[in-house]
Amino acid sequence: MASDDSSNVPLQELTGAAAATAAVVPPVKSPKLKLYSFWRSSCSQRVRIALNLKGLEYEYKPVNLLANEQSDPEFERLNPIKYVPALVDGETIVADSFAILLYLEDKYPQYPLLPQDPKKRALNIQIASIVGSSIQPLQNYPVWNFIEEKLDSNEAIKWTQHHINRGFTALEKLLKGCSTKYATGNEIQLADVFLEPQIYGGIKRFGIDMSVYPVLARLHEAFLEHPAFLAALPEKQPDAPSL
Amino acid sequence: MAEAEATAGRLSLYSYWRSSCSHRARIALNLKGVDYEYKVVNLLKGEQSDPEFVKLNPMKFVPALVDGDSVIGDSYAIALYLEDKYPEPPLLPHDLQNKALNHQIASIVASGIQPLHNLTVLRFIDQKVGAGEGVLWTQQQIERGFTAIENLIQLKGCAGKYATGDEVQLADVFLAPQIYAAIERTKIDMSNYPTLARLHSEYMAHPAFVAALPGRQPDAPSPS
């Protein structure tokens with residue numbers, strides 16, 4: 001689904017996932033779609049998942065956050081707050097993962113991410129907001145750098161873990177009794193798109209113990225079986241460091 | 001449908017006078033002309049941790065909206081719920097670019113500014129880093145976010161009377177409380193943000209926004 005035109009990305013690791021996703025939704029040739037992304041950015045991962053679900057091909061434009069490429073004037077013009085992801089769709093530029101996802105939902109309605117039912121819709125937005133406003137921003141680089149500088153990196157890790165656990169505790173309560181395949185139904189919805197990158201990052205980078213979050217843990221296992229999610233994983237991206 | 005509406009009754013909004021997230025929900029309700037019951041959650045007394053409230057919103061944040069048997073926590077979810085249920089006046093334009101821009105501005109506030117200076121963060125900073133460091137941190141986060149929004153609005157050339165045109169839209173619902181708090185509580189120098197400063201005066205002249213101001217709420221302390 002993703003290609004970086006400036007590097008020799010081995011396609012075989014993408015073909016399987018892309019082909020599997022194609023079986024769900026036939027790929028739509030949209031070479032005018034460009035996604036500015038960083039492999040490890042959970043916000044970028046959300047959009048990668050959605051693009052894959054909707055069968056949208058895009059050009060992967062890496063922005064190396066560790067080399068401060070987000071401060072390049074060209075990128076700042078695309079997103080004045082200097083965060084990834086940013087999406088270019090022909091003449092349209094959209095930044096912020098939530099705004100991008102809702103834009104994709106309107107423009108490319110195949111594989112809808114929001115249900116019609118108002119209560120379920122609100123629940124999806126609430127879950128997205130918990131992740132997108134109450135967990136992820138507190139581990140984002142302005143906060144991380146501040147705590148690391150004023151205290152140390154151990155405090156930054158503890159701080160991040162605290163907020164992930166706080167958010168996951170609330171999410172687990174909101175999703176209590178969830179008996180559907182995914183968070184709010186048997187199809188992937190917006191909540192799932194926000195949940196998985198946070199859970200994945202929480203486990204991989206911050207050692208979150210998922211055994212205390214049985215619903216989230218079960219959902220995570222289900223997401224890891226879905227081709228659209230697999231193809232969006234950080235380590236599968238063109239700018240991920242080679243092992 | 002009709003049966004549900006008849007029994008739904010009045011909406012309730014769980015709110016704290018000074019919470020800028022609650023402030024957003026109050027503006028949205030006022031813009032849509034929706035009458036609601038104001039339910040106080042005193043954050044300084046820790047009422048957000050009362051078991052009854054945690055049942056409504058496990059994140060222990062205000063606002064929360066109760067509409068019959070629907071409970072919606074989170075100001076963004078509330079705003080979009082109201083947008084669906086009460087389509088007039090619309091807070092989101094039909095034009096996809098302008099719609100996306102409204103979400104982008106709302107998200108800069110809701111994810112990029114406000115969560116970074118809420119009570120939890122400030123307590124941590126004052127305790128662990130040093131008393132008074134929280135104020136400086138808040139200023140820096142607001143300035144970073146306001147610079148981005150000011151640049152974004154100018155880049156897109158989208159502002160009219162309000163942030164993204166001549167009608168009040170979602171961006172304004174999120175901007176107004178953040179700008180108000182920045183001026184009133186953090187004493188940000190708005191001369192660096194001419195568009196935001198002008199928007200602030202527009203909001204202060206709009207009845208729906210004025211009625212939503214912290215000082216106008218039932219739980220605001222009476223002026224001494």
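Structure: see above.
All values derive from a computational prediction rather than experimental measurement. (Residues numbered from 1 in each chain as written. Chains lettered and ligands numbered in written order. Predicted model: local features only at pLDDT ≥ 70, side-chain atom pairs only at ≥ 80, totals over all residues. Heavy atoms only, no water.)

Our focus in this paragraph is the overall build of chain A. Each helix and strand counted, chain A has 10 helices and five strands in total. Counting only residues that meet the buried cut, chain A has 58% of its 243 residues in that class. For chain A, the share of sequence-separated contacts (at least 6 apart) that also reach a separation of at least 24 residues comes to 71%. In the form shown here, chain A has an accessible surface area of approximately 10000 Å², with 53% of it arising from carbon and sulfur atoms. (Helix = DSSP H or I, 4+ residues; strand = E, 2+ residues; numbered from the N terminus. Buried < 20%, exposed > 50% of the residue type's maximum accessible area, 1.4 Å probe, protein only. Contact = heavy atoms within 4.5 Å. Areas by Shrake-Rupley, 256 points an atom, 1.4 Å probe, with all protein chains shown as cover.)

In this assembly, 43 residues from chain B lie in contact with 45 residues from chain A. The contact between chain B and chain A buries some 3800 Å² in all, and 67% of this surface belongs to carbon and sulfur atoms. There are five salt bridges connecting chain B and chain A. A salt bridge links Lys119 of chain A to Asp69 of chain B; its shortest N-O distance comes to 3.8 Å. Counting every contact that joins chain B to chain A gives 15 residue pairs in polar contact (both at pLDDT 80 or more). Among the secondary structure elements, those contributing two or more residues to the side of chain B that touches chain A are strand 4 (70–73), helix 4 (75–85), helix 5 (96–113), helix 6 (119–129) and helix 7 (133–156) of chain B. Of the residues contributing to the side of chain B that touches chain A, the split by class is 23 nonpolar, 12 polar and eight charged. (Buried area = accessible area lost by both parts, 1.4 Å probe. Salt bridge = Lys/Arg side-chain N within 4 Å of Asp/Glu carboxyl O. Polar contact = N/O pair within 3.5 Å; in protein donor to acceptor, adjacent residues only side chain to side chain. Nonpolar A, V, L, I, M, F, W, Y, C, P; charged D, E, K, R; others polar.)

Turning to unusual backbone geometry, a few remarks are in order. Note the cis peptide between Val84 of chain A and Pro85 of chain A, where omega equals 0 degrees. Turning to its location among the elements, Pro85 of chain A is positioned in the loop between helix 3 (73–78) and strand 4 (86–89). A cis geometry characterises the amide bond from Glu88 of chain B onward to Pro89 of chain B, with omega recorded as -15 degrees. Along the chain, Pro89 of chain B falls in the loop between helix 4 and helix 5. Unlike most non-glycine residues, Lys60 of chain B shows phi in positive territory, near 60 degrees. Within the secondary structure, Lys60 of chain B is located in the loop between helix 3 (51–56) and strand 3 (64–67).

On the secondary structure map, Leu171 of chain A appears in helix 7 (residues 153–174). Those residues in contact with Leu171 of chain A, other than ones at most four positions away along the chain, are Ile127, Ile130, Val131, Ile135, Leu195 and Leu216 of chain A.

On their own, these measurements won't tell you what the molecule is for.
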